[in-house]
Amino acid sequence: MAYRDIDMNLSAETLAIQKEVRKFAKDVMRPVGIELDQMADPADVIAQGSPLWDAYKGFRDLELHLNSIPPEYGGTAGTLDPMASYLISEELGYGDVGLTVSFGASGMPFGFAALFAPFIPEMEQMVRDYVEDKKGEVVGCWAITEPEHGGDWSLGGEAPECGPSVTGVLKGDEYIVNGEKAAWVSNGTLATHAVLHVGLDPDKGMGGTGLALIPLDLPGISKGAPLNKIGQRPLNQGSIIFEDARIPKQYMVLEPSTMVDMNMGETILAGANGGMAQIFAGLAKAAYDEAFNYAQQRVQGGVPIIEHKNIKLDLFKMFTRVEAVRANSRRMALYNAAQNALGQPPSGAHAVAAKCLATETATWVASKAVQIFGGNGLTKEYPVEKIFRDARAGMIEDGVNETLGLAAAEFL
Ligand SMILES: Cc1cc2nc3c(=O)[nH]c(=O)nc-3n(C[C@H](O)[C@H](O)[C@H](O)COP(=O)(O)OP(=O)(O)OC[C@H]3O[C@@H](n4cnc5c(N)ncnc54)[C@H](O)[C@@H]3O)c2cc1C
């Protein structure tokens, strides 16, 4: 039986967008993701001629990279039906979460830069370069995690020893920046631009953090080697090193006091985790679909295994949780989009709850899918072992679920 989508009142335009993105996710992202996943050396993922660039080109040809950019700079932000925006993320996550995270991070500095473009000419140029790029030559990243600071970013901490290790000191018209962002930065080794969290007032710990939007070809900035890991292998990750890097003053777009006044901690948590909830809802559905289809074909004991009651019941439990996650992620996404449209703060608590639920459910459903595939579930001949590895990384990505939960509990 076909998977029945029960959301009512989807416009013809929204359904057409969903169909187009689903096709890209199935025909391009899924096979490219599998090919990249099987590359032994993560440096090959981002090498010239890698199929990664076909995926980037496809994503940008569909103009999906414009979703975070306002119309005055050539983007589509705020013009799409919020449900269409949600479905785009879910379908991309269905195709490949590692590639989806790469695409999402690639736009982050530019979405932010558009907010400052009316006042800072360099920001406007940054946004325009990104909008026009169709090949993946202008790629962003979000550089927050450090070798010494991971889970604790979401928890803050006002003592000096809690503060960022990447620090900046203003000298004349430039900040002199030193320190290292961790090998976990998504797109770290291929990015041309970054959203950079940098300690400007060490006495205030995490409360002394400012936000810079920078090109990564400034003097004193270098990159580490691509990270080798078990899940989301199509997603390039790597460290960014600052050695007396000179960052023009105007790139430091938010001073620590403004970050605190604007409650940027919750806004950033809500944005990043809200996005994760949507794509992992898609991944959970991908795991379910693979298991359902396989169970109809695999014959054991003289019948397709879906005829065995244990398999049938497991599939129903998987379906139940996938639907719960999709419903919850949609509800959160639509609420936070409405808040955004009104210029009101998003709900960080709902976004973190949805991220934790989606990543934990995706991991559970993918593990069940491996079980339903039996021995075949453990081989690279079938997609579920990769889906399981990709899902597992989600419970650590963009904040460990436990520390995120502790942080979000404060928003209740
Ligand atoms: C696929 C993927 C993509 C990522 N992308 C990015 C990215 O784009 N940019 C970026 O900057 N980072 C990124 N990260 C990094 C990610 O945010 C961190 O890995 C995460 O925040 C955890 O930090 P850590 O690995 O240093 O673990 P640690 O902070 O060392 O945590 C280890 C364990 O200790 C617990 N713990 C840590 N601190 C505390 C505390 N204060 N109180 C209680 N318990 C604590 C945690 O719950 C965890 O179980 C990514 C990670 C992954 C896996």
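Residues numbered from 1 in each chain as written. Predicted model: local features only at pLDDT ≥ 70, side-chain atom pairs only at ≥ 80, totals over all residues. Heavy atoms only, no water.

Trainee: Would you explain the pattern of salt bridges in this entry?
Mentor: Proximity of charged atoms lets side chains of opposite charge pair with each other. One pass over the full model with this rule turns up 22 salt bridges. Across the salt bridge formed by Glu-146 and Lys-181, the nearest N and O atoms sit 2.9 Å from each other. Separated by 35 residues along the polypeptide, Glu-146 in the loop between β1 (140–143) and β2 (167–171) and Lys-181 in strand β3 (residues 174–181) bring together distant segments of the chain. Of the two residues examined, Glu-146 and Lys-181, each falls in the buried class. Salt bridges here are not isolated pairs; linked through shared partners, they connect Asp-5, Asp-7, Glu-90, Glu-323, Arg-326 and Arg-330. (Salt bridge = Lys/Arg side-chain N within 4 Å of Asp/Glu carboxyl O. Helix = DSSP H or I, 4+ residues; strand = E, 2+ residues; numbered from the N terminus. Buried < 20%, exposed > 50% of the residue type's maximum accessible area, 1.4 Å probe, protein only.)

Trainee: Just to check I follow, could you spell out the domain arrangement of the protein for this structure?
Mentor: Often, the extent of an interface is quoted as the loss of accessible area on bringing the components together. Along its sequence, the protein is organised into domain 1 (12–132), domain 2 (140–261) and domain 3 (264–409). For the pairing of domain 1 and domain 3, the buried interface totals around 1,800 Å² over both sides, and the portion due to carbon and sulfur atoms is 64%. Among the residues of domain 1 in contact with domain 3, Tyr-86, Tyr-94 and Val-97 are the three that bury the most area, contributing 33% of the side total. At the boundary of domain 1 with domain 3, the tally comes to five salt bridges. Across the salt bridge formed by Arg-30 and Glu-290, the nearest N and O atoms sit 3.1 Å from each other. Listing elements by their share of the side of domain 1 that touches domain 3, those giving two or more residues are α1 (12–37), α4 (82–95) and α5 (97–116). Per element, the largest residue contribution to the side of domain 1 that touches domain 3 is nine residues, and it comes from α4. Across the side of domain 1 that touches domain 3, the residue classes tally to nine nonpolar, six polar and four charged. (Domains from an automatic or database assignment. Buried area = accessible area lost by both parts, 1.4 Å probe. Nonpolar A, V, L, I, M, F, W, Y, C, P; charged D, E, K, R; others polar.)

Trainee: Just checking my understanding: could you explain the environment of Val-365 for this structure?
Mentor: By the secondary structure assignment, Val-365 is in helix α10 (residues 348–373). Note on Val-365: relative accessible area 0%, which makes it buried. In this structure the C-alpha to C-alpha distance between Val-365 and Phe-388, which are 23 residues apart in sequence, comes to 8.4 Å. Ignoring any residue separated from it by four or fewer positions in sequence, one finds Val-365 in contact with Ala-284, Ala-287, Tyr-288, Met-318 and Val-322. (Contact = heavy atoms within 4.5 Å.)

Trainee: Looking at this structure, I do not really get the site of the ligand. What am I missing?
Mentor: Taken together, 19 residues form the shell around the ligand, and within it Trp-142, Ile-144, Thr-145, Gly-151 and Ser-186 come nearest. A distance of 2.7 Å separates a nitrogen atom of the ligand from a polar atom in the backbone of Trp-142. At 2.9 Å from an oxygen atom of the ligand is found a main-chain nitrogen or oxygen belonging to Ile-144. When isolated, the ligand has an accessible area of 980 Å², and the protein chains bury 69% of it. Partitioned by chemical class, the residues of the shell around the ligand number seven nonpolar, eight polar and four charged. Of the residues that make up the shell around the ligand, three or more belong to each of domain 2 (140–261) and domain 3 (264–409). (Near = heavy atom within 4 Å. Polar contact = N/O pair within 3.5 Å; in protein donor to acceptor, adjacent residues only side chain to side chain. Areas by Shrake-Rupley, 256 points an atom, 1.4 Å probe, with all protein chains shown as cover.)

Trainee: Help me out: how do you make sense of the pairing of β1 in this one?
Mentor: Each regular strand carries side chains that alternate between the two faces of the sheet. Burial along β1 is two-sided: Gly-140 and Trp-142 and Cys-141 and Ala-143, pointing in opposite directions, are all buried. By the bridge criterion, four bridges tie β1 to strand β4 (residues 193–199) in an arrangement that is parallel. Opposite Cys-141, over in β4, you have Ala-194 as the bridge partner. (Pairing = 2+ DSSP bridges.)

Trainee: Please clarify how the packing of α5 against helix α6 (residues 121–132) should be interpreted in this entry.
Mentor: For the pair α5 and α6, the least separation of the axes is 8 Å and the interaxial angle reads 140°. Judged by the angle between their axes, α5 and α6 are oblique. Between α5 and α6 lies a crossing whose hand is left-handed. In this structure, α5 contributes Ser-106, Gly-107, Phe-110, Ala-113, Ala-114 and Phe-116 to the contact, and α6 contributes Met-123, Met-126, Val-127 and Tyr-130. (Axes fitted to C-alpha atoms, helices over the stretch in contact; angles between N-to-C directions. Parallel < 35°, antiparallel > 145°, perpendicular 65-115°, else oblique. Left-handed = near helix turned anticlockwise from the far one by under 90°.)

Trainee: Mind showing me how you'd approach unusual backbone geometry here?
Mentor: Peptide bonds are mostly trans, and most non-glycine residues show a negative phi. The residue Gln-232 is not glycine, and still its phi comes out positive at about 50°. Residue classification places Gln-232 among the buried positions, given a relative accessible area of 1%. Here Asn-263, not a glycine, exhibits a phi torsion of approximately 55°, which is positive. Relative to the assigned elements, Asn-263 resides in the loop between α7 (256–261) and α8 (264–297).

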